[in-house]
Amino acid sequence: MIRHAGTAVRLIAWGALVTSVLAGCSGLKPYAESPEKNLHIRTHTASGSAFSSVRASVDVYRVERGCVADYEGTVALDNADMTMGVPAGRPSYLVFRFASSGFLGGSNSTISYEALVTPRPDSNYDVRVRYIDNIYNVAIRDEAGRQIERQRLPGCRSS
Amino acid sequence: MRYAVILGAVVLPALLSGCVTSHPQTAEEFRKAVPGAFMAKVETMEVNRPYEDVSRTIEEKAPECLNVAIRTVSQTTTSYQVIVTEYRPTVRVTDQRTELHVQQHHKQGVLKVTKEPEGGYYLLVADASPVAGGRTRLDVYGPSIGHDTLIRAVKGWATGDNVGCPDFTK
């Protein structure tokens, strides 16, 4: 039993090490969400092919004065239905990514959709993220059902 | 994707131009060239949506979806190629017709052998027009292979089904 526990500890340690190394290499980090879960995200992905798959994620950037986008982290949109929190009252730059992976030597590719959002305090937003058969769509609506106008960051730089 | 880029960059302009030293410089020239060109086609469909709705969708989605730059990297054991392609949509709306022009400009990685129109080579032209019964006719001029996703997206804007942006990496 003690031996098993030791094996488990070693496995966990190795797992943590490998995960941290891989995370460090990829440059991605988990997003530390705001406690207020103000985004209700519904994701639907289907590659349209038995030989490929699609994974959706969203990168969150804090937008500083001078239009500098500061990367804060990434959330995998693996669950069809989930909530996440971004700070209210200040702009955040959301980059939704659809990463396609081919099997049997197929190609890999990523397409992204960017949106600048400034959530109002005490408000919730409905986000529909869809990638079906190589056609994607992201729609962000407020509680009244109004679609949030998409804004980009022309001329801004990321850090 | 690499195939689509090669098609768009080299083969399609060459075929549209009849393998001479020029190819369509305007949307109207593109419309005239496509019907007789190899690996290009004209598709016509009628959709059960009012013209105003179809026109509005095209006006909304074209700048949102087609104003993109795509970077393609092709790597083998003996080669490494980077192609950067910029796409540019133009929408013109009248009471009787909504025109969508899609042009592509290769910013990196592709040699230009013919004169490129301002804004890039014409890749696709789509015309929506009203027909009786609150329906809309859509004529799509474009390549017959290599850009299926773009054509399906434009058709979706007309039909209202799976409305979204084409993944240009496909």
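Student: Any details on the overall build of chain A? Residues and values, ideally.
Tutor: From N to C terminus, chain A includes 1 helix and 9 strands. In chain A, once contacts between residues fewer than 6 apart in sequence are set aside, the share between residues at least 24 apart is 67%.

Student: Outline unusual backbone geometry, listing residues and values.
Tutor: Positive phi is not limited to glycine here, since Asp 122 of chain A has a value of about 60°. Mapped onto the elements, Asp 122 of chain A comes out in the loop between strand E6 (109-117) and strand E7 (125-132). A residue is classified by how many C-beta atoms lie within 10 Å of it, and Asp 122 of chain A, with 8 of them, is exposed. The phi dihedral of Met 39 of chain B is positive, around 60°, even though this residue is not glycine. Mapped onto the secondary structure, Met 39 of chain B falls in the loop between helix H2 (27-33) and strand E1 (40-47). Of the residues examined, Met 39 of chain B has 14 C-beta atoms within 10 Å and is grouped as partly exposed.

Student: Account for the pairing of strand E3 (residues 68-76) of chain A, with residues named and values stated.
Tutor: Where strand E2 (residues 52-64) of chain A lies against E3 of chain A, 8 bridges are found, and the strand directions are antiparallel. Each residue of the ladder has a partner; that of Val 60 of chain A, found in E3 of chain A, is Gly 73 of chain A.

Student: Please set out the nonpolar core residue by residue, giving values where relevant.
Tutor: Residues and elements named next belong to chain B. In terms of nonpolar packing, the biggest core is built from 56 residues, with Leu 124, Val 125 and Ala 126 touching the most fellow members. Of the residues forming this core, the biggest block, 7 residues, is contributed by strand E5 (residues 121-131). Once residues lying within four places of it in the same chain are set aside, the contact partners of Val 125 are Ala 27, Phe 30, Arg 31, Glu 99, Leu 100, His 101 and Tyr 141.

Student: Please set out the interface of chain A and chain B residue by residue, giving values where relevant.
Tutor: Across the contact, 11 residues belong to chain A and 14 residues belong to chain B. The set of elements that each furnish at least two residues to the side of chain A that touches chain B consists of E6, E7 and strand E8 (135-141) of chain A. If one sorts the elements of the side of chain A that touches chain B by residue count, E8 of chain A sits on top with 3 residues. Both E8 of chain A and strand E7 (residues 165-166) of chain B contribute to a ladder of 2 bridges, which runs antiparallel.

Student: Explain the sheet that holds strand E4 (residues 81-84) of chain A to me, using residue names and the numbers behind them.
Tutor: Taken in spatial order, the 5 strands make up an open sheet running E4(A)-E1(A)-E7(A)-E8(A)-E7(B), and their pairing is mixed. Strand pairing shows two members of the sheet lacking a second neighbour, E4 of chain A together with E7 of chain B, which therefore form its edges.

Student: Tell me what's going on with helix H4 (residues 148-159) of chain B, and back it up with residues and numbers.
Tutor: For H4 of chain B, spanning 12 residues, the distance from its first C-alpha to its last is 16 Å, which sits close to the expected 16 Å at 1.5 Å a residue. Among the residues of H4 of chain B, Leu 150, Ala 153, Val 154, Gly 156, Trp 157 and Ala 158 of chain B are the ones counted as buried.

Student: Describe in detail the sheet that holds E1 of chain B, supporting the description with residues and values.
Tutor: All names here are of chain B. In space, the 6 strands of this open sheet follow the order E1-E6-E5-E4-E3-E2, with antiparallel pairing throughout. At either end of the open sheet lies a strand with only one pairing partner, and these are E1 and strand E2 (69-75). Here the strands of the sheet are splayed against their neighbours by 15° on average, with no regard to which way each runs. Relative to strand E3 (residues 80-93), E2 runs antiparallel, the two being bridged by 7 bridges. Within the sheet, the bridge partner assigned to Ser 74 lies in E3 and is Gln 81. Seen against the sheet, helix H3 (residues 51-66) touches E1, E3, strand E4 (98-108), E5 and strand E6 (135-143) and runs at an angle of roughly 150° to E3.

Student: Break down the environment of Gly 89 of chain A for me, with residues and values.
Tutor: Residues and elements named next belong to chain A. Secondary-structure assignment places Gly 89 in the loop between E4 and strand E5 (92-102). Using a count of 8 C-beta atoms within 10 Å as the deciding quantity, one classes Gly 89 as exposed. In this structure, the C-alpha to C-alpha distance between Gly 89 and Ala 46, residues 43 residues apart in sequence, is 34 Å.

Student: Explain the environment of Pro 63 of chain B residue by residue, including any values.
Tutor: Residue and element names in this part refer to chain B. In this fold, Pro 63 is placed in helix H3. Of the residues examined, Pro 63 has 14 C-beta atoms within 10 Å and is grouped as partly exposed. Separated by 35 residues in sequence, Pro 63 and Thr 98 place their C-alpha atoms 14 Å apart.

Student: Account for the environment of Pro 24 of chain B, with residues named and values stated.
Tutor: Relative to the assigned elements, Pro 24 of chain B resides in the loop between helix H1 (2-16) and H2. Sequence spacing of Pro 24 of chain B and Arg 56 of chain B is 32 residues, and the spatial spacing of their C-alpha atoms is 27 Å.

Student: Outline the confidence of the model for chain B, listing residues and values.
Tutor: Low pLDDT marks regions whose predicted coordinates should not be analysed in detail. Averaged over chain B, the pLDDT score is 88; the fraction of residues at 70 or greater is 88%. Scored by ipTM, the complex comes to 0.83, with pTM at 0.81.

Student: Lay out the packing of H3 of chain B against H4 of chain B with the relevant residues and their values.
Tutor: When two helices pack together, you describe them by how their axes are tilted relative to each other and by the distance separating the axes. Residues and elements named next belong to chain B. With their axes 8 Å apart at the nearest point, H3 and H4 run at an angle of 145° to one another. The chirality of how H3 crosses H4 is right-handed. Between H3 and H4, the residues in contact are Val 54, Thr 57, Ile 58, Lys 61 and Cys 65 and Ala 153, Trp 157 and Ala 158, respectively. In terms of residue class, the contact of H3 with H4 is made up of 6 nonpolar, 1 polar and 1 charged.

Reading the values: the criteria
- Residues numbered from 1 in each chain as written.
- Chains lettered and ligands numbered in written order.
- Predicted model: local features only at pLDDT ≥ 70, side-chain atom pairs only at ≥ 80, totals over all residues.
- Helix = DSSP H or I, 4+ residues; strand = E, 2+ residues; numbered from the N terminus.
- Contact = placed C-beta atoms within 7 Å.
- Buried ≥ 20, exposed ≤ 12 C-beta atoms within 10 Å, placed from the backbone.
- Pairing = 2+ DSSP bridges.
- Core = buried A, V, L, I, M, F, W, Y, C linked by C-beta atoms within 7 Å.
- Expected span 1.5 Å × (residues − 1).
- Axes fitted to C-alpha atoms, helices over the stretch in contact; angles between N-to-C directions.
- pLDDT = per-residue confidence, 0-100.
- Left-handed = near helix turned anticlockwise from the far one by under 90°.
- Nonpolar A, V, L, I, M, F, W, Y, C, P; charged D, E, K, R; others polar.

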